[in-house]
Amino acid sequence: MARAGLTADRVVAAAADLADEVGFENVSLSALARGFGVKDASLYSHVRNLQDLRTRVAFLAGGEMVDRIAVAVAGRTGREALGAFADAYRAYALEHPGRYAATQIRVDQSLIADSPALRRTAEITYGLLRAYGLEEPDLTDAVRLLRSTFHGYCALEAGGGFGAPRDVQRSWERAVDALHVALTHWPRG
């Protein structure tokens, strides 16, 4: 183990890299151990099990993604902020497919409260939506609209699901325009 220089952070980073190469669902402790040139058991002093590893990759990826989004939206509001948020989200999802898949897993709620990255994600997303004048319960509904639109678009694009000759980037821009209109004219209860 000492020759491999293993730490929990190195194991999680290697798992995230592996996820981008082979798909998040194909990451295993055995594959990681082979990559480090150690036996599987050597990893158990750094992660409890595969679920723990997956959760850690999800938190790592979520932190990377929100950092990218935060830089993109800084100093922007309205349509400009929404577009920057959407573009940063999409770029991360397409550049890091395995990491992005990790951000979509269901994580134990007790762990979420302790995650600075997930709190920051909520702050940035809710801040973006509050600029449209939204409050609860509309905030939750709007978050779900954005997430499902962004995720659906990215999943379809990554899977080659857009076969029409229309430019995919132009369709993305129009989708973000439509979201801006929907958020600006949000139906009040």
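Our subject is the structure listed above.
Because the structure is predicted, anything quoted here is derived from the model rather than measured.

K.L.:
Which residues make up the nonpolar core, and what values go with them?
P.N.:
Counting residues in each nonpolar core, the largest one holds 34 residues, and the members touching the most others are Leu82, Phe150 and Leu183. At the level of elements, helix 3 (50-73), helix 4 (78-95), helix 7 (116-130), helix 8 (138-158) and helix 9 (168-184) are the ones that each hand at least two residues to this core. Ranked by residue count, the leading element in this core is helix 4, at 9 residues. One finds Val11, Ala15, Ala19 and Ala58 within the second-largest nonpolar core, a separate group that totals 21 residues.

K.L.:
Tell me about the packing of helix 1 (residues 8-22) against helix 2 (residues 29-36), and name the residues and values.
P.N.:
Where helix 1 meets helix 2, the axes come as close as 10 Å, and the angle between the chain directions of the two elements is 110°. Relative to helix 2, helix 1 is oriented roughly perpendicular. Contact residues: helix 1 offers Arg10, Val11, Ala14, Ala15 and Leu18, while helix 2 offers Ala31, Leu32 and Phe36. Class assignment of the residues belonging to the contact of helix 1 with helix 2 gives a composition of 7 nonpolar, no polar and 1 charged.

K.L.:
Now, about the pattern of salt bridges: what can you tell me, with residues and values included?
P.N.:
For the coordinates displayed, the defined rule picks out 12 salt bridges. Linking Glu80 and Arg76 is a salt bridge whose minimum nitrogen-to-oxygen distance equals 3.8 Å. Note that Arg79 and Asp177 form a salt bridge whose closest N and O atoms lie 2.8 Å from each other. With Arg79 in helix 4 and Asp177 in helix 9, this residue pair connects regions lying 98 residues apart in the sequence. In this structure, a network of salt bridges that share partners links the residues Asp17, Asp20, Glu64 and Arg99.

K.L.:
Give a description of the packing of helix 4 against helix 8 that names residues and reports values.
P.N.:
Two quantities define a packed helix pair, namely the angle between the axes and the distance from one axis to the other. Running from N to C, helix 4 and helix 8 point in directions that differ by 40°, and their axes come no closer than 10 Å. Viewed along their axes, helix 4 and helix 8 adopt a mutual orientation that is oblique. Here helix 4 and helix 8 pass one another in a crossing that is right-handed. For the pair helix 4 and helix 8, contact is made by Leu82, Phe85, Ala86, Tyr89, Arg90, Ala93 and Leu94 and by Leu146, Arg147, Phe150, His151, Tyr153, Cys154, Glu157 and Ala158, respectively. Taken together, the residues of the contact of helix 4 with helix 8 break down into 11 nonpolar, 1 polar and 3 charged.

K.L.:
An account of the side chain of Asp138 is requested, with residue identities and associated values reported.
P.N.:
The residue Asp138 is located in helix 8 in this model. It turns out Asp138 is buried and unbridged, and the closest side chain with the opposite charge, Arg188, is 4.2 Å from it. Asp138 has contacts with Trp186, Pro187 and Arg188, leaving out every residue within four places of it along the chain.

K.L.:
Explain the layout of surface pockets residue by residue, including any values.
P.N.:
As a volume, the largest pocket reaches approximately 960 Å³. Around the largest pocket, the lining comprises 28 residues; the ones closest to its centre are Thr103, Leu118, Thr121, Val143 and Arg147. Each residue belonging to the lining of the largest pocket can be placed in one class, and the counts come to 18 nonpolar, 7 polar and 3 charged. Approximately 170 Å³ is the volume attributed to the second largest pocket. In terms of lining, the second largest pocket is formed by Arg48, Asn49, Gln51, Asp52, Thr55, Arg56, Phe59 and Leu111. Counting residues per element, the lining of the second largest pocket draws most heavily on helix 3, which supplies 5 residues.

Rules behind the numbers
- Residues numbered from 1 in each chain as written.
- Predicted model: local features only at pLDDT ≥ 70, side-chain atom pairs only at ≥ 80, totals over all residues.
- Heavy atoms only, no water.
- Core = buried A, V, L, I, M, F, W, Y, C linked by side-chain atoms within 4.5 Å.
- Buried < 20%, exposed > 50% of the residue type's maximum accessible area, 1.4 Å probe, protein only.
- Helix = DSSP H or I, 4+ residues; strand = E, 2+ residues; numbered from the N terminus.
- Axes fitted to C-alpha atoms, helices over the stretch in contact; angles between N-to-C directions.
- Parallel < 35°, antiparallel > 145°, perpendicular 65-115°, else oblique.
- Contact = heavy atoms within 4.5 Å.
- Nonpolar A, V, L, I, M, F, W, Y, C, P; charged D, E, K, R; others polar.
- Salt bridge = Lys/Arg side-chain N within 4 Å of Asp/Glu carboxyl O.
- Left-handed = near helix turned anticlockwise from the far one by under 90°.
- Lys, Arg positive; Asp, Glu negative; His and termini not counted.
- 1 Å grid on protein atoms, 1.4 Å probe; cavity = no way out; pocket = protein on both sides within 12 Å on 5 of 7 lines; lining within 4 Å.
- Points joined across faces, edges and corners; volume = space filled by probe spheres on them.

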